Amino acid sequence: YKRKTPQNVSVGAGPNRAMAVYAMRFLGTPYHYGGSSPSQGFDCSGLVQYSAKKTLNVNMPRRASEQGEYGKSISLSNAKAGDLLFFDVAGKNSHVGIYLGQTYFVHAPSSNGSVRVEDYSLDYWQKRFSGARRVR
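Parameters and conventions
Here the residue index of a chain counts from 1 through its sequence in written order. The predicted origin of the model limits local features to residues at a pLDDT of at least 70 and limits the giving and counting of side-chain atom pairs to 80 or more, whereas totals for whole chains, interfaces and linings rest on all residues. The side-chain quantities take in all heavy atoms of the structure and omit both hydrogens and water. Numbered from the N terminus, helices here are DSSP runs of H or I no shorter than four residues, and strands are runs of E no shorter than two. The buried label goes to any residue with under 20% of its type's maximum accessible area, the exposed label to any with over 50%, and the partly exposed label to all in between, with areas taken from a 1.4 Å probe on protein chains only. Here a polar contact is recorded for every N or O atom pair within 3.5 Å, except that within protein the pair must consist of a potential hydrogen donor and a potential acceptor, and residues adjacent in sequence are included only if both atoms are side-chain atoms. Whether two residues touch is decided by their heavy atoms; if any such pair falls within 4.5 Å, the residues are in contact. By nonpolar core is meant a set of buried Ala, Val, Leu, Ile, Met, Phe, Trp, Tyr and Cys residues that side-chain atoms within 4.5 Å join together. Any Phe, Tyr or Trp ring, taking Trp's six-membered ring, that has another such ring centre within 6.5 Å forms a pair; planes under 30 degrees apart are called stacked, those over 60 apart edge-to-face, and the others tilted. For a lysine, the NZ atom is tested; for an arginine, the CZ atom; a charge sits over a ring if that atom is within 6 Å of the ring centre and within 35 degrees of the ring normal. To obtain an axis, a line is fitted to C-alpha atoms, over the contacting stretch when the element is a helix, and the angle between two such axes runs from 0 to 180 degrees between their N-to-C directions. Small angles under 35 degrees read as roughly parallel and large ones over 145 as roughly antiparallel, with 65 to 115 read as roughly perpendicular and the rest as oblique. For any helix crossing, the convention is left-handed if the near helix is rotated counterclockwise from the far helix by under a right angle, and right-handed if that rotation is clockwise. Gly is placed with the polar residues, together with every amino acid not listed as nonpolar (Ala, Val, Leu, Ile, Met, Phe, Trp, Tyr, Cys and Pro) or charged (Asp, Glu, Lys and Arg).

> I'm lost on the side chain of Thr-29 in this one. Help?
Tracing the sequence through the fold places Thr-29 in the loop between α1 (17–24) and β1 (36–37). The buried category is assigned to Thr-29, whose relative accessible area is 11%. Here the side chain of Thr-29 touches Phe-26 through a polar contact of 2.7 Å, landing on its backbone oxygen.

Below is the structure:
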């Protein structure tokens, strides 16, 4: 991974904005496969599950593929802060991040090993984008 995490990214408005704001507090938390807490570290779906429970009191499924069926499907152009963005990295809806606004999302990627912000307009993410969903 060669890009730096974008600086000064603000979280936009949205019905689930609290989840996006909450997830941002874990920037730099180590990636851990199967991880679902700040002390243990996070994988992508663990960050989503933990943040949804703490802020929205929603019990999300544990796996990204299952989270890809949860809530309401929305178009990327209608995404608001706190919505979920899904990507086909190792199969359908195998990676998930939390939309922040503009073109940014927060996620727990295995490469470079920590929670960070990325720009979904980058070629890598554009080619793998598989859908967006609103939790509630």
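> Hey, could you run me through unusual backbone geometry in this one?
As a rule of thumb, non-glycine residues mostly have phi less than zero, and peptide bonds are mostly trans rather than cis. Residue Asn-93 is not a glycine yet carries a positive backbone phi of 50°. Mapping Asn-93 onto the fold places it in the loop between β4 (84–87) and β5 (95–101). Look at Asn-93 and you get buried, because its relative accessible area is 6%. You will see that Gln-102, though not glycine, has its phi angle at about 55°, which is positive. Tracing the backbone through its elements, the reader meets Gln-102 in the loop between β5 and β6 (104–107).

> What is the right way to look at α1 in this model?
In an α-helix, one full turn covers 3.6 residues, which means residues spaced three or four apart are oriented alike. Here α1 has its buried residues at Met-19, Ala-20, Tyr-22, Ala-23 and Met-24. Contacts made by the buried residues of α1 are with α2 (44–56), β4, β5, β6 and β7 (116–119).

> It is not clear to me how the nonpolar core should be interpreted in this structure. Could you clarify?
In globular proteins that are soluble, nonpolar side chains generally tend to be buried together. Counting 30 residues, the largest nonpolar core has Leu-84, Ile-98, Leu-100 and Val-106 as the members making the most contacts within it. Among the elements of the structure, α1, α2, β4, β5 and β6 are those that each provide at least two residues to this core. No other element matches the six residues that α2 contributes to this core. Every residue in contact with Leu-100, bar those within four places of it in the chain, is listed here: Val-9, Ser-10, Val-11, Gly-12, Ala-20, Met-24, Ala-81, Phe-105, Val-106 and Val-117. Within the second largest apolar cluster, nine residues are counted, among which are Ala-79, Leu-85, Tyr-120 and Ala-132.

> Can you walk me through the packing of aromatic side chains in this structure?
Given two aromatic rings, one states the distance between the centres and the angle between the planes to describe the pair. Going through the model one piece at a time under the given rule, you end up with eleven aromatic pairs. Judged by centre distance (5.3 Å) and plane angle (80°), the ring pair of Tyr-22 and Phe-26 falls under edge-to-face. Each member of the pair, Tyr-22 as well as Phe-26, carries the same accessibility label: buried. Relative to Trp-125, the ring of Tyr-124 has its centre 4.8 Å away and its plane inclined at 85°; by these criteria the two rings are edge-to-face. Accessibility expressed as a relative area gives 6% for Trp-125, which makes it buried. One aromatic cluster is present, built from ring pairs that chain together Phe-87, Phe-105, Tyr-124, Trp-125 and Phe-129. Between the NZ or CZ atom of Arg-128 and the centre of the ring of Tyr-124, over which it lies, the distance is 3.8 Å.

> How should the side chain of Asn-16 be read in this particular structure?
Structurally, the position occupied by Asn-16 is in the segment before α1. For Asn-16, a relative accessible area of 1% translates into the label buried.

> Got a minute to help me understand the packing of α1 against α2 in this structure?
When two helices pack together, their arrangement is captured by the angle between the axes and the distance separating the axes. For the pair α1 and α2, interaxial distance at closest approach is 9 Å and the crossing angle is 120°. One element, α1, and the other, α2, form an angle in the oblique class. Of the two elements, α1 crosses α2, and the hand of that crossing is right-handed. Of the residues in α2, those in contact with Ala-18, Met-19, Tyr-22 and Ala-23 of α1 are Leu-47, Val-48, Tyr-50, Ser-51, Ala-52, Lys-54, Thr-55 and Leu-56. Residues of the contact of α1 with α2, tallied by class, amount to nine nonpolar, two polar and one charged.

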